[in-house]
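Results of the structural survey
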Amino acid sequence: MIDAVDIHVKGIVQGVGFRPFVYRMAKKYLINGWVLNATDGVHIHAEGESALVDEFIMELSDNAPAASKVEEIDIKEVPLEDFDSFEIRFSDDEDVAETTLVSPELATCDDCVAELFNPNDRRYRYPFINCTNCGPRFTIIDHLPYDRAATSMAAFPMCEKCAAEYADPLDRRFHAQPDACFECGPSVTWSVGADGPISLGKTREESDAIFAAAVEMLMAGKILAVKGLGGFHLVCDANNADAVAELRRRKRRDGKALAVMAQGMGDVRALCEASEEEEAVLAGSTRPIVLLRKRPGAAIGAGLADGLSELGVMLPYTPVQHLLMHDFAEAWYAANPAVDEAGDEPGRLVPLLVMTSGNVHDEPICIADKEARAKLADIADAFLGNNRPILTRFDDSVVRLIKVDEADEKPVYAIQFLRRARGYAPVPVSVAAEGVAPAEGVAPAEGIIFAAGPEQKNTFTLLRGTDGFVSQHIGDVENAETYDAWLATKDRFESLFEMTPTAVACDLHPEYLTSKWAHHQGLPVTEVQHHHAHIVSVMAEHGLTDAVCGIAFDGTGYGEDGAIWGGEVLLANRQAFERFANFAYVPMPGGTAAIKHPLRMAYGVLWAYDLLEHPAAAAALAPLGDEAEVCDTMIERGLNTPMTSSVGRLFDAASALLGICTEPSYEGEGAILLEAAMETAGADVAGAAAVEEAAGVAGEDELAAKERYAVIVEKNTATETSTAQDTSVLLLDAEPTFHALLDDLAAGVPASVISRRFHDAMVGAIVMSAELVRAMYDISTVALSGGVFMNRYLVEHALADLAAAGFTVAINRDLPPNDGCISLGQAVVASARLGE
Ligand SMILES: [Zn+2]
Ligand SMILES: [Zn+2]
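Summarised in this report is the structure supplied together with it. Just so it is clear, the model here is predicted, and its values are computed rather than measured.

A word on the nonpolar core
By size, the foremost hydrophobic cluster in this structure holds 102 residues, and its most contacted members are Ile7, Val22, Ile44, Phe56, Leu224, Leu324 and Leu384. With eight residues, the single largest contributor to this core is helix α9 (residues 319–335). Listed in part, the 73 residues of the second largest apolar core include Val605, Ala620, Ala740 and Leu784.

The following block contains the structure:
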């Protein structure tokens, strides 16, 4: 029997080789009809033997191209039209309102890499080789539908050979919009110094000469600005400590780790422990920076990630990077003849490039060649650019894999985002309620909600129905440059996805630039408390609608009482929250100065817990010098001393008291180094016991230490002006934790052990809070969010202990737990309130 059906495929089906795939399958199953790309997805009219039509449809969902993401297939029986062939049709539909998802940027595929290094291929060493399975997408798209004329490739008309590939449905480059070759496509550019003459690599010889010059400079320890997919990188030889130090000096980047690029997995394995799952992400089509645990004894150069247990690594993802890395490795091995290329022993040196964002301190990354030469003039010695414009800025994404569960005694890993940008954004995050039709769950508000996001690690979100279009990481929106970048990205999203906001959402903080913007739009504004947004982002990602126990451990968030929140246990749903418990307030003498100088924070903490007289306090606070008195006066008089419940600040204080980090060069460094200090804790336990015995904390086992460190709960007393939001029922008191920390410090217990005990106390506080909420409200679903959960030890142990105690636990999985998730939470709260 001959069937005729119309098939509508929704999801990421544009620019990923989906139509050639449909065409091939139609040929395979003897289907006649047509396929059409429209802005709402791929439409197929299929006529054929009914069993074959069924198989054809199965193939569409089961064997779609790797980079595509089929979200929905609608099938409708239609009258037979008696087609005698299968054809590809072209769309002229301007009226389809919905937007098809174009895939994000895709790393150069294996086929293209093979051609890139094949001397017989016509694209041998062509720095912009790509096909339907790989290459730039959003970084070159000006408007939809995705078509060459709508991209920054419009200026490069295809040569005959490229045009023939482009038109052939069976070719890997069929409708590959950025398809190009030496004859017709973009070229690399090169200049030494910002004002030097600019040469163009139009032919292979010219192009190769540019790569040779670039490699020569890298080998000489110079710093290059290299144009990538979503912006410039600053690049230098990662094994050259002087070059790395010079890059840090010029970029004014002190402590923060630098990401590196390795040539391949073999080299990565020489440096880091990489599980199968980590290798899959590292080598996958998104190619983020993956934070991997350093291998003991690995030859990781000074100045890359000193004092840290992880190194951020990525593999080349553009043809320019493949060529640069390949040529550099060749020159590097020639200069280091003693290094065994295939060796697997730890300590083996490998060719490695630093690849860090090409930006000026606190500003967005440069995307235009002219801009890069102007802004990076004092940082880069030479510029390897190109004449294909980048239309939208995308930083590299940063992820790690964390252990979220255990099945049959095998760990189950999941991606944790630290920064979501290239390769992931702007694929929308579904906020639909799990298991129910959107209409039956929390009704999404009509119209389009624009959520402005927070100040730090900003993203914004456009929410339409249950699709949250979360922007790529934008940065800290606290200066004119980043604010302009924020506005420009917002405009591009609105025009690209044809969305005009009908309502806005923003943070409760009145001074954020994004909040001020929101209040000037003449649209209804929903203000959302920072930590409520954190928790709702997790609920939205997991489709949760019923009330949860939300635990937000964070750095800074404006509270409803004007204090700085950040250690919150919230009873939350998508509309509202009640503050169930919070860490007892401690003073922050000097406000933000206490973040920059965490010994001040430590002073505030010890003052609040009445521990300033503890025998270990004086020595630990000694580096404060005269500032101690200043702190005291500020606290006593309440001068420039906000109160905070932030757990991030408790980590800062602990790290400073242990002397691990007293002068951080970026926010969060104290906590990161405190976590890293734990690495040797396991080995130290026996030694620690001996030390403790000698010091009089005799015969103590770890269980007893746990009890000493445990955070305790106190009943809170409300005042006349208290509201349900700003006053918790319970206060979490970390006095015992800091008391025990000082006791151990006085007893000479190693910092690694103290650090682990401190971490365990915070894990304990999480489990205890969840148990109190369950006992009182019978709620056993816990949502964890906030920047503190970027701590691998904390999140992995909290997940394990909560699961063991019978809780269902949700954490951010599509977005980072840091403030990168805030805008989605804001949008969903606004939607829930407006939809009420
Ligand atoms: Zn390719
Ligand atoms: Zn060509």
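Things to note about the packing of helix α22 (residues 735–746) against helix α23 (residues 751–777)
Packing of α22 against α23 brings their axes to within 10 Å, and their N-to-C directions diverge by 170°. Between α22 and α23, the crossing angle belongs to the class labelled roughly antiparallel. Contact residues: α22 offers Thr737, Phe738, Leu741, Asp744 and Leu745, while α23 offers Ile754, Arg757, Phe758, Ala761 and Met762. A class-by-class count of the residues in the contact of α22 with α23 yields seven nonpolar, one polar and two charged.

Quick look at helix α4 (residues 160–167)
Every buried residue of α4 is listed here: Cys162, Glu165 and Tyr166. Buried positions in α4, seen along its axis, are confined to an arc of 100° and lie on one side of it. Relative to its buried face, α4 has exposed residues pointing more than 90 degrees away, namely Glu160, Lys161 and Ala167.

Considerations on the side chain of His542
Inspection of the secondary structure assignment puts His542 in the loop between α13 (530–541) and β25 (548–558). When sequence neighbours within four positions are dropped, the list of residues in contact with His542 reads Glu434, Ala810, Ile811 and Arg813.

Notes on the environment of Val398
Within the fold, Val398 resides in strand β17 (residues 398–407). Accessibility expressed as a relative area gives 12% for Val398, which makes it buried. Taking the C-alpha atoms as reference, Val398 lies 25 Å from Pro346; in sequence the two are 52 residues apart.

Let's talk about the side chain of Thr489
The residue Thr489 is located in helix α11 (residues 480–496) in this model. You can call Thr489 buried: its relative accessible area is 8%. A distance of 2.6 Å separates a polar atom in the side chain of Thr489 from the backbone oxygen of Ala485. Residues in contact with Thr489, not counting those within four places in the same chain, are Phe460, Gln472 and Ile474.

Looking at the coordination of the zinc ion (ligand 1)
Looking at the metal site, the zinc ion (ligand 1) is ligated by Cys109 (SG), Cys112 (SG), Cys131 (SG) and Cys134 (SG), spaced 2.3 to 2.4 Å from it. Angles of 102 to 118° at the metal separate the four donor atoms of the zinc ion (ligand 1), which places the site in the tetrahedral class. Going along the chain, you hit the donors of the zinc ion (ligand 1) in the pattern C-x2-C-x18-C-x2-C. Pair noted here: Cys109 is in the loop between β6 (101–102) and α3 (110–116) and Cys134 is in the loop between α3 and α4, with a separation of 25 residues, a long-range link. Classification of Cys109 as buried rests on a relative accessible area of 13%. The class for Cys134 is buried, based on a relative accessible area of 1%.

Definitions and limits used
- Residues numbered from 1 in each chain as written.
- Chains lettered and ligands numbered in written order.
- Predicted model: local features only at pLDDT ≥ 70, side-chain atom pairs only at ≥ 80, totals over all residues.
- Heavy atoms only, no water.
- Core = buried A, V, L, I, M, F, W, Y, C linked by side-chain atoms within 4.5 Å.
- Buried < 20%, exposed > 50% of the residue type's maximum accessible area, 1.4 Å probe, protein only.
- Helix = DSSP H or I, 4+ residues; strand = E, 2+ residues; numbered from the N terminus.
- Axes fitted to C-alpha atoms, helices over the stretch in contact; angles between N-to-C directions.
- Parallel < 35°, antiparallel > 145°, perpendicular 65-115°, else oblique.
- Contact = heavy atoms within 4.5 Å.
- Nonpolar A, V, L, I, M, F, W, Y, C, P; charged D, E, K, R; others polar.
- Arc of directions from axis to C-beta.
- Polar contact = N/O pair within 3.5 Å; in protein donor to acceptor, adjacent residues only side chain to side chain.
- Donors = N, O, S within 2.8 Å, 3.2 Å for Na, K, Ca; no water.
- Tetrahedral: all angles 85-135°; square planar, octahedral: opposite > 155°, others 65-115°.

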